[in-house]
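Chains, contacts and geometry: an overview
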Amino acid sequence: MKIILTFILSFIIFSASFAQKGEVIIIKDPLIDSLIAKRLAVYKTAGDVKVGKPIVSSYGYRVQIFYGSDRREVFNQQARFKGSYPKFNTYIVYKEPNYYVRVGDFRTRLEAQRLINELRPTFPTLFIFREKINAPTLDTTADDPK
């Protein structure tokens, strides 16, 4: 009896494993394809439409050059930094009750540390923060052998 039950059970399991043949039909909204196409078009023309502003952001580092609760002083410090270093982007972050001035979009901590070493005489309170940055555009003209 045990042999017959084992045989029947193994036959059912064996036949069930081959019975799972079929066809999968994917039903989706046609707007999904159009959204994907639009997103690809935006990524391809990001440099032209957005005047070099990156769309994709990633984690990197920024240097905090000043913080305080006086809004005017924060904007003065931002203008002072922009006057000396116009090539770096500046960002003002507000976390109650203080404003923070952070600069740069650095991919590595070493790049941020180099800026700190340069800024130490003029801005005494400097900190490095890891946060979401705008991906900096890479300078490819330095690599061109002309």
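Everything discussed here concerns the structure shown above.
Residues numbered from 1 in each chain as written. Predicted model: local features only at pLDDT ≥ 70, side-chain atom pairs only at ≥ 80, totals over all residues. Heavy atoms only, no water.

**Overview of helix H4 (residues 71-84)**
Helix length check: H4 (14 residues) gives 20 Å between terminal C-alpha atoms against 20 Å at 1.5 Å per residue, within 8%. Buried within H4 we find Val74, Gln77, Gln78 and Phe81. Buried residues of H4 fall within an arc of 100 degrees about the axis and therefore sit on the same side. With respect to the buried face of H4, the exposed residues turned more than 90 degrees away are Arg72 and Gly83. (Helix = DSSP H or I, 4+ residues; strand = E, 2+ residues; numbered from the N terminus. Expected span 1.5 Å × (residues − 1). Buried < 20%, exposed > 50% of the residue type's maximum accessible area, 1.4 Å probe, protein only. Arc of directions from axis to C-beta.)

**Brief notes about the nonpolar core**
The biggest cluster of nonpolar side chains holds 19 residues, and the ones touching the most others in it are Val63, Ile65, Phe81, Phe106, Leu115, Leu119 and Leu126. For this core, the secondary-structure elements that each account for two or more residues are strand E1 (57-68), H4, strand E3 (98-106) and helix H5 (109-119). Excluding its chain neighbours within four sequence positions, the residues that come into contact with Phe106 are Gly60, Tyr61, Val63, Phe88, Glu111, Ala112, Leu115 and Ile133. (Core = buried A, V, L, I, M, F, W, Y, C linked by side-chain atoms within 4.5 Å. Contact = heavy atoms within 4.5 Å.)

**Digging into the pattern of salt bridges**
Under the defined criterion, the tally for this structure stands at 4 salt bridges. Residues Glu131 and Arg102 are paired through a salt bridge, measuring 2.7 Å at the closest nitrogen-oxygen approach. Taken together, the positions of Glu131 in strand E4 (residues 127-134) and Arg102 in strand E3 put the pair 29 residues apart, joining distant regions of the chain. With a relative accessible area of 15%, Glu131 lands in the buried category. (Salt bridge = Lys/Arg side-chain N within 4 Å of Asp/Glu carboxyl O.)

**Points about the environment of Phe75**
Relative to the assigned elements, Phe75 resides in helix H4. Placed 25 residues apart in sequence, Phe75 and Tyr100 show a C-alpha to C-alpha distance of 9.9 Å.

**Description of the packing of aromatic side chains**
Counted by the stated rule, this structure contains 7 aromatic pairs. With a centroid separation of 4.5 Å and an interplanar angle of 40 degrees, the aromatic rings of Tyr94 and Tyr99 are classed as tilted. Through successive ring pairs, a cluster of aromatic residues spans Phe81, Tyr85, Phe88, Phe106 and Phe123. Taking NZ or CZ as reference, Arg80 lies 4.3 Å from the ring centre of Phe123, over its face. Here the guanidinium or amino end of Arg102 rests over the ring plane of Tyr100, the centre of that ring lying 5.5 Å away. (Phe/Tyr/Trp six-rings, centres within 6.5 Å; stacked < 30°, edge-to-face > 60°. Lys NZ or Arg CZ within 6 Å of the ring centre and 35° of its normal.)

**Some words on unusual backbone geometry**
Residue Pro97 is reached from Glu96 by a cis peptide bond, and omega for that bond is 10 degrees. Tracing the backbone shows Pro97 in the loop between strand E2 (90-95) and E3.

Shape is all these values report; function is a separate question.
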